[in-house]
Amino acid sequence: MKLNTKSQWNEAQIITFLENSEIPIRLSFLNKANEPQICSLWYQYDNGVLWCASHKNSFLIKQLKLNAKISFEISSNEYPYKGIRGKAHIELSTINAEAVLAKLISKYLDSSNSKLCSWLMSRADDEYAIKIIPTLVNSWDFSDRMEK
């Protein structure tokens, strides 16, 4: 993982944050009109890569097929503000999409939401796995200057 020289956290701290956060990732991409768009998704970190999933007919997948360069942010919405952002490129695949979706559901949904879980898994054959490969990452942490 290539870190911005001004990143507050080192790579190990970033990995710990990614592995322990249940905050959705915000993807920024360009639509076919070359206008910026943002989409929030569930993510799973695995060995230097962020994994997401989206339905084959989603606006997001249609746009990512046109342009594989994105930027992203994973940051807290609570005090103290902290997180990471970066640039990346993506790879889309239907191979292993069901497994990626199952991991995301396991991470973000609890057992009380079995109806949504069942509905999402019923569409798994039509999902794309989104492999996000960060090219540059920066972090910030305002814990020292923000009181809880």
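Note: the structure precedes this text.
Here the residue numbers are simple positions, counted from 1 along each chain's written sequence. A pLDDT threshold of at least 70 governs which residues receive local features in this predicted model, and a stricter bar of 80 or more applies before side-chain atom pairs are shown or counted, although totals over entire chains, interfaces and linings include all residues. With hydrogens and water set aside, each side-chain value is computed from the structure's full complement of heavy atoms.

1. Things to note about the pairing of strand E6 (residues 82–93)
DSSP bridges decide pairing: two strands pair if at least two such bridges lie between them. A helix here means a DSSP run of H or I that spans at least four residues, while a strand means a run of E at least two residues long, and both kinds are numbered starting from the N terminus. In this sheet, E6 lies alongside strand E5 (residues 69–75) in antiparallel orientation, the contact comprising seven bridges. Residue serine 71 lies in a different strand from E6, and its bridge partner there is lysine 87. Bridge count for E6 against strand E7 (residues 127–141) is 12 bridges, and the pairing is antiparallel. If you follow histidine 89 over to E7, its bridge partner there is isoleucine 133.

2. Details of unusual backbone geometry
Phi is positive for asparagine 47, which is not a glycine, with a value near 50 degrees. One can find asparagine 47 in the loop between strand E3 (44–46) and strand E4 (49–55). Between buried and exposed lies partly exposed: a residue is buried under 20% and exposed over 50% of the maximum accessible area for its type, with that area taken using a 1.4 Å probe on protein chains only. The exposure class of asparagine 47 is exposed, given its relative accessible area of 71%. In this structure, asparagine 96 is a non-glycine residue whose phi angle is positive, near 70 degrees. Tracing the sequence through the fold places asparagine 96 in the loop between E6 and helix H3 (97–108).

3. Some words on the sheet that holds E3
Pairing is antiparallel in the open sheet, where seven strands are placed in the order E2-E1-E5-E6-E7-E4-E3. Whereas interior strands pair on both sides, the edge strands pair on one side only; in this sheet they are strand E2 (36–41) and E3. Taking each pair of neighbouring strands and ignoring which way they run, the sheet shows an average axis angle of 35 degrees. Of the strand pairs in this sheet, E3 and E4 are connected by three bridges, and their pairing is antiparallel. When the sheet's bridge partners are listed, tyrosine 45 is paired in E4 with leucine 50. Taken strand by strand, helix H1 (residues 11–20) contacts E3, E4, E5, E6 and E7, and its axis lies near 70 degrees from that of E6. H3 rests against E3, E4, E6 and E7 of the sheet, and its axis sits at about 100 degrees to E4. Axes here refer to lines fitted to C-alpha atoms; in helices the fit is confined to the stretch in contact. Angles between the N-to-C directions go from 0 to 180 degrees. Only heavy atoms enter the contact rule, under which two residues are in contact if any of them lie within 4.5 Å.

4. Observations concerning the pattern of salt bridges
When a carboxyl oxygen of Asp or Glu lies within 4 Å of a side-chain nitrogen of Lys or Arg, that pair is called a salt bridge. Evaluation of the coordinates by the stated rule reveals three salt bridges. Measuring nitrogen to oxygen at the nearest pair gives 3.1 Å for the salt bridge that ties glutamate 73 to arginine 26. In this pair, glutamate 73 sits in strand E5 while arginine 26 sits in strand E1 (residues 25–30), placing the two residues 47 residues apart along the sequence. Connected via shared salt-bridge partners are Arg26, Glu73 and Arg85.

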